[in-house]
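# Chain and residue survey
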Amino acid sequence: MNTESSSFLQSCSKETRTHIIGSADVRTFRSNEAIFSENTPFDGIYIIIEGAVVFTKQLADKKIEEVGRASIGEHFGELGIFSGEPRSLSASTTEKTVLLHIPKDIIEELIDQNELPLRCVLDGLVGHLHETTDHYVTELLKKQKMTLIGQTMRSLISDFRNPLSSISLGVDLLSCKSTDTKSQEVCSTMRSQIDRIVDMAEDILAYIRGDTQLNTQLLHTAEFIDSLPENFPNFFESSQIEVVVGQVDDAHFQADPIRLRRVFQNLLSNAFDVLEQEKYGRIDISATKLDLEVLFKIVDNGPGIPTEIRDTLLEPFVTCGKRQGTGLGLAVAKAFVEAHHGSLEFKTSTLRGTEFLIRIPKKQPA
């Protein structure tokens, strides 16, 4: 067992370290498995030998909030040594994890013999408190931003409804007076764009509220992909950036077409922002039929996602080098894909650009 990465064990004398390892038990957990729950009795200290752990707190509204993480070599669960209180947080794994569990009675024995490295325990405790505080402040700022954006969007929707209604009425009158095909096509496009403006604002409001309910329909891959140029002509008719539809497997799947198109819009918009400075910008779209799901890919030949934001790219308010935007586009896309019980992932490289992978199950749960 590799215990060299543990500052807790390394701070003990050789004899104490041998005693702890001989008295402790090794526990192996699957990914996303609970280690302990809040309000359960203190049962000892845990040292991470392999894997990673996330700590969560249940809020008054029953929502579960992440408050911190720990990785290989770190120890946790030490607060009970000092407080004697039940666990204040829940701990679970994020991947397959191996822990060394030092039982409560061994901890008490070491305290009685003055062999417990209290300085190391306190350092770990203070580190966890700092991380929890930082996380709380970050989440508080996010919520304040969400509230502000929500208030702004509600105000904008209210202010825009009357002028948009007037424009829509004008389009209807123009459509009635014009009989040529081209005018009818323009009127139809204008109607759809008016609807899109309202839908986009409503989508952001829904995301802020945490409301991602779907109106699913049976869709066809080719028909869905074919609808993209009509809905987003600014992308497909660009003279600067080429959008290429590649292989599209023949498959049916259940999805909310409006929400799924919003996912594509946000990803395409993000790719366009990245490719603006490229001599030749290209975006490839494809759809692959798998056993239980459909895999959509959106691939650009840009410079790749900056290293400093790769780990947080799909979180709200994360952006880098963009002249405009709220940093919500990819977070909204991720939320809408996950509402379909699917997943949104990406691969990126400074040499090969960025590839977004959208997995949508063929059948949605009843």
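For the structure itself, look to the data block above.
Since the model is a prediction, treat every value here as computed from it, not as a measurement. (Residues numbered from 1 in each chain as written. Predicted model: local features only at pLDDT ≥ 70, side-chain atom pairs only at ≥ 80, totals over all residues. Heavy atoms only, no water.)

## Quick look at the overall build of the chain
This is how the line gets drawn: Runs of H or I in DSSP of at least four residues are treated as helices and runs of E of at least two as strands, each being numbered from the N terminus. Relative accessible area decides the class of each residue, using a 1.4 Å probe on protein chains only: under 20% of the type maximum gives buried, over 50% gives exposed, and in between gives partly exposed. By the convention used here, residues are in contact when the closest approach between their heavy atoms is within 4.5 Å. All accessibility values rest on the Shrake-Rupley procedure with a 1.4 Å probe; residue burial counts only the protein chains present in the view.
Helices and strands together make up the secondary structure of the chain, namely ten helices and 15 strands. Relative to its full complement of 366 residues, the chain shows a buried share of 42%. Within the chain, contacts between residues at least 6 apart in sequence are counted, and of these 74% link residues at least 24 apart. Carbon and sulfur atoms make up 51% of the accessible area of the chain, which amounts to about 20400 Å² in all.

## Let's talk about the sheet that holds strand β13 (residues 293-300)
Short version of the rule: When DSSP finds two or more bridges between a pair of strands, those strands are recorded as paired. Axis definition: a line fitted to C-alpha atoms, over the contacting stretch in the case of helices. Angles run 0 to 180 degrees between N-to-C directions.
An order of β10-β12-β13-β15-β14 is seen for the five strands of this open sheet, with the pairing classed as mixed. Among the strands making up the open sheet, the edge pair consists of β10 (241-248) and β14 (343-349). Neighbouring strand axes in the sheet, compared pairwise and without regard to direction, differ in orientation by 15 degrees on average. Strand direction decides the pairing type here: strand β12 (residues 281-289) and β13, joined by seven bridges, are antiparallel. Following the sheet pairing, Thr-288 is matched in β13 by Leu-295.

## What about the pairing of strand β3 (residues 44-50)?
Remember that side chains alternate between the two faces of the sheet whenever the strand is regular. Burial runs high along β3: six of the seven residues are buried. Judged from the six bridges that link them, β3 and strand β8 (residues 97-103) form a sheet pairing that is antiparallel. Bridge assignment links Glu-50 to a residue of β8, and that residue is Val-98.

## Quick look at the pattern of salt bridges
Note the following rule: Salt bridges are counted wherever a side-chain nitrogen of Lys or Arg sits within 4 Å of a carboxyl oxygen of Asp or Glu.
Following the criterion strictly, the structure yields eight salt bridges and no others. The salt bridge partner of Arg-27 is Asp-25, with a shortest N-O separation of 2.7 Å. The partner of Arg-359 in a salt bridge is Glu-293, and the shortest N-O contact between them spans 3.1 Å. Of this pair, Arg-359 sits in strand β15 (residues 353-361) while Glu-293 sits in strand β13; the two residues are 66 residues apart in sequence, bridging distant segments of the chain. For Arg-359, a relative accessible area of 23% gives the class partly exposed.

## What to know about unusual backbone geometry
Residue Asn-32 is not a glycine yet carries a positive backbone phi of 60 degrees. A positive phi angle is found at His-341, which is not glycine, with a value near 60 degrees. Following the sequence through the fold, His-341 ends up in the loop between α10 (329-339) and β14.

## What to know about the packing of aromatic side chains
The test is simple: Between rings of Phe, Tyr and Trp, where Trp is taken as its six-membered ring, a pair exists when centres lie within 6.5 Å; planes separated by under 30 degrees are stacked, by over 60 edge-to-face, and by other angles tilted. Our definition puts a charge over a ring when NZ of Lys or CZ of Arg is within 6 Å of the ring centre and also within 35 degrees of the ring normal.
This structure, assessed with the given rule, holds twelve aromatic pairs. Site record: aromatic cluster; members linked through ring pairs are Phe-36, Tyr-46, Phe-55 and Phe-76. The side chain of Arg-87 reaches across the aromatic face of Phe-36, ending 4.2 Å from its centre. Looking at Arg-259, its charged tip hangs above the ring of Phe-336, at a distance of 4.5 Å from the centre.

## Describing the pairing of β12
Pairing between β10 and β12: six bridges, direction parallel. Of the residues in β12, the one forming a bridge with Val-244 is Asp-284. Between β12 and β13, which pair antiparallel one after the other, the connecting turn spans three residues.

## Comments concerning the sheet that holds strand β2 (residues 34-36)
Pairing between the strands of a sheet is mediated by backbone hydrogen bonds and can be parallel or antiparallel. Overall, antiparallel pairing links the four strands, which are arranged β2-β7-β4-β5 in an open sheet. Every other strand in the sheet has two partners, leaving β2 and β5 (64-71) as the edge strands with one partner each. Between one strand axis and the next, the sheet turns through 30 degrees on average, direction left out of account. In this sheet, strand β7 (residues 90-93) lies alongside β2 in antiparallel orientation, the contact comprising two bridges. Paired with Ala-34 across the two strands is Ser-92, which belongs to β7.

## Some thoughts on the nonpolar core
Heads up, the condition is: Here, nonpolar core refers to any group of buried Ala, Val, Leu, Ile, Met, Phe, Trp, Tyr and Cys residues whose side-chain atoms link them within 4.5 Å.
Counting 39 residues, the largest nonpolar core has Leu-260, Phe-264, Ile-283, Phe-296 and Ile-358 as its most contacted members. Contributing elements (two or more residues each) for this core: α7 (221-231), β10, β11 (252-255), α9 (257-275), β12, β13, α10 and β15. No other element matches the eight residues that α9 contributes to this core. Counting 14 residues, the second largest nonpolar core, distinct from the first, contains Cys-12, Ala-24, Ile-49 and Leu-100.

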